[in-house]
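Architecture and fold: a report
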Amino acid sequence: AEAGEALRSRIADVLAEASKISESAACAEQVLTSSDEEEVTSRLSSSREELAATHALLTDVEELGKEVDAFNSEIVDAEPLEFDAAMDTMSTAIGKLNAAVAGLARREKDLAQARYKATSLIDEFNRTENAANGNIRGFEDKKASISNETTSPFQRARELEELLEDVKALAEHIHRVSDLGVAVESEVQSLEEPLQGKLRSLIEGDAPATEERYRQLQ
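Now for a quick tour of the structure. If you're wondering where the values come from, they're calculated on a predicted model, not measured in any experiment.

Rules used throughout
- Residues numbered from 1 in each chain as written.
- Predicted model: local features only at pLDDT ≥ 70, side-chain atom pairs only at ≥ 80, totals over all residues.
- Heavy atoms only, no water.
- Helix = DSSP H or I, 4+ residues; strand = E, 2+ residues; numbered from the N terminus.
- Rg over C-alpha atoms; globule rule 2.2 N^0.38 Å.
- Buried < 20%, exposed > 50% of the residue type's maximum accessible area, 1.4 Å probe, protein only.
- Contact = heavy atoms within 4.5 Å.
- Areas by Shrake-Rupley, 256 points an atom, 1.4 Å probe, with all protein chains shown as cover.
- Lys, Arg positive; Asp, Glu negative; His and termini not counted.
- Charge placed at Lys NZ, Arg CZ, Asp CG, Glu CD.
- Axes fitted to C-alpha atoms, helices over the stretch in contact; angles between N-to-C directions.
- Parallel < 35°, antiparallel > 145°, perpendicular 65-115°, else oblique.
- Nonpolar A, V, L, I, M, F, W, Y, C, P; charged D, E, K, R; others polar.
- Patch = residues over 30% accessible without salt bridge, like charges linked within 9 Å, V, L, I, M, F, W, Y side chains within 5 Å.
- Salt bridge = Lys/Arg side-chain N within 4 Å of Asp/Glu carboxyl O.
- Core = buried A, V, L, I, M, F, W, Y, C linked by side-chain atoms within 4.5 Å.
- Left-handed = near helix turned anticlockwise from the far one by under 90°.

**A few points about the overall build of the chain**
For the chain, the count of helices and strands is seven helices and zero strands. Starting at the N terminus and walking to the C terminus, you meet the elements of the chain as α-α-α-α-α-α-α. Against the globule reference of 17 Å for 218 residues, the chain gives a C-alpha radius of gyration of 34 Å, more extended than a compact globule. Its C-alpha atoms put the chain at 120 × 20 × 20 Å along the principal axes. Among the 218 residues that make up the chain, the fraction classed as buried is 32%. Relative to all contacts within the chain whose residues are 6 or more apart in sequence, the contacts with residues 24 or more apart total 84%. When the accessible surface of the chain is summed, it comes to about 13100 Å², and 50% of that surface belongs to carbon and sulfur atoms. In the chain, which carries 24 positive and 46 negative side-chain charges, the distance between the mean positions of the two groups comes to 11 Å.

Below is the structure:
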């Protein structure tokens, strides 16, 4: 009788552990749609640790199953102990946690890819926009210098005309800035918070302002 009670207690422990694993899987599932990379990564790490711990737990459960089978084979008049249901409950709980871990891993990968794609586009925009503004500043300084020269009006007009020809050559670069600005906005807008806010903070330039500055130079 004491042996039977001890086994029943251990079976109850198995069910309690299975319940904890199911709760952990449910918590992990709640993060599957999160756009917070840190939250997803943190939950994935903890869920992987919990899943790894179930391997040792399963070994213990399987050993308990053997003990229950041996106990049932020896009793004659008493009701045999039920263990299959506890084993099924444990297997189901572990299956849920395993599925949640796989889902979190996919979510982490998707978020990382989205961040990398947007970041690369933002970096290209920042570089292109900074270069365009650098060229515009150079032209602005040169234009101001021509206006301040003490040469004849005809010479100043000729130098200004030459400058404006050089300015026209910058048009393609400005169009590229505009196209990248639109692409960046579209890419970032497609993301969810908090990733959208984090990436938007990386945008250094202002394409419309650069276009207007270029128009003022012409």
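**Some details on the packing of helix α3 (residues 84-148) against helix α4 (residues 153-168)**
Look at α3 against α4: their axes get within 10 Å of each other, and the N-to-C directions meet at 170°. In terms of orientation, α3 lies roughly antiparallel with respect to α4. Residues F139, K142, K143, I146 and S147 of α3 pack against R156, E159, L160, L163, D166 and V167 of α4. When grouped by side-chain class, the residues that make up the contact of α3 with α4 number five nonpolar, one polar and five charged.

**Concerning a negative patch on the surface**
Residues D69, E82, D84 and D88 make up a contiguous surface patch of negative charge. Here E82 lies in the loop between α2 (37-74) and α3.

**Considering the nonpolar core**
Of all hydrophobic cores here, the largest spans 48 residues; its most connected members are L64, V68 and M90. Of all the secondary structure elements, the ones that give two or more residues to this core are α1 (2-29), α2, α3, α4, α5 (171-189), α6 (195-200) and α7 (207-217). If you tally residues by element for this core, the top one is α3, at 17 residues. Leave out the neighbours within four places in its chain, and M90 touches V14, E17, A18, I21, L57, L58 and V61.

**Some words on the packing of α3 against α7**
Where α3 contacts α7, the two axes come as close as 10 Å, and the packing angle between them is 25°. In terms of orientation, α3 and α7 fall into the roughly parallel class. Both α3 and α7 take part in a crossing whose hand is left-handed. Residue-level contacts link F125, E129, A132, N133, I136, R137, F139, E140 and K143 of α3 to A207, T210, R213, Y214, Q216 and L217 of α7. Taken together, the residues of the contact of α3 with α7 break down into seven nonpolar, three polar and five charged.

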